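Spelled out from the first residue to the last, the chains are:
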Amino acid sequence: MFDTIKQQYISLYAEHSTVSPEAVKKSLPLNETELEQVTIEWYKIQLERLRRDKTFQPDMLDADLHEIAGETLMSDFSDTTRSIRDDAQQELEEDRDNSEEGWSLDDWE
């Protein structure tokens, strides 16, 4: 009877919990073998849900991109990307200025 209860507990935990068993293993009333079992079951269910819920629809992405870009002027896009590039360049220069030796191409390897 207790084995049946443990198996039901493992099944219910794996099915309904949003927290991995490893994160709360000290509070679970399970021994090492049972903890391993619930962990495997929990990850199995999480993977099944991920596969089920992962519905990539290229048409929807295309429509969203067109909606976003539809009202954007080319000059706005250029200004934004130039701003991002300038910010990144400024950060690189600040990093170089803050070091005693500066930086070289070898730093990127």
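To start, this report covers the structure provided alongside it. (Residues numbered from 1 in each chain as written. Predicted model: local features only at pLDDT ≥ 70, side-chain atom pairs only at ≥ 80, totals over all residues. Heavy atoms only, no water.)

**Some thoughts on the overall build of the protein chain**
Counting secondary structure elements, the protein chain contains 4 helices and 0 strands. Considering the protein chain as a whole, with its 109 residues, one finds that 13% of them fall into the buried category. Put simply, of all contacts in the protein chain between residues at least 6 apart along the chain, 40% involve residues at least 24 apart. Here the protein chain displays about 9,600 Å² of accessible surface, and carbon together with sulfur accounts for 54% of that area. (Helix = DSSP H or I, 4+ residues; strand = E, 2+ residues; numbered from the N terminus. Buried < 20%, exposed > 50% of the residue type's maximum accessible area, 1.4 Å probe, protein only. Contact = heavy atoms within 4.5 Å. Areas by Shrake-Rupley, 256 points an atom, 1.4 Å probe, with all protein chains shown as cover.)

**Structural notes on the side chain of Glu34**
Topologically, Glu34 is positioned in helix α2 (residues 32-53). For Glu34, a relative accessible area of 14% corresponds to the buried category. Within the structure, the side chain of Glu34 is placed 3.2 Å from the side chain of Lys6, a separation counted as a polar contact. (Polar contact = N/O pair within 3.5 Å; in protein donor to acceptor, adjacent residues only side chain to side chain.)

**Examining α2**
Each α-helix winds once per 3.6 residues, and so residues spaced three or four apart point in a common direction. Its 22 residues give α2 an end-to-end C-alpha distance of 31 Å, which sits within 8% of 32 Å, the value for a rise of 1.5 Å per residue. Close packing links the buried residues of α2 with α1 (2-16). Looking at where α2 begins, the residue whose side-chain oxygen comes 3.1 Å from the main-chain nitrogen of Thr33 is Asn31. (Expected span 1.5 Å × (residues − 1).)

**Some details on the pattern of salt bridges**
Under the criterion given, the structure shown has 3 salt bridges. Salt-bridge contacts for Lys6 lead to Glu34; the nearest nitrogen and oxygen are separated by 3.2 Å. Of this pair, Lys6 sits in helix α1 while Glu34 sits in helix α2, and the two are 28 residues apart along the sequence. Owing to a relative accessible area of 25%, Lys6 belongs among the partly exposed residues under this scheme. (Salt bridge = Lys/Arg side-chain N within 4 Å of Asp/Glu carboxyl O.)

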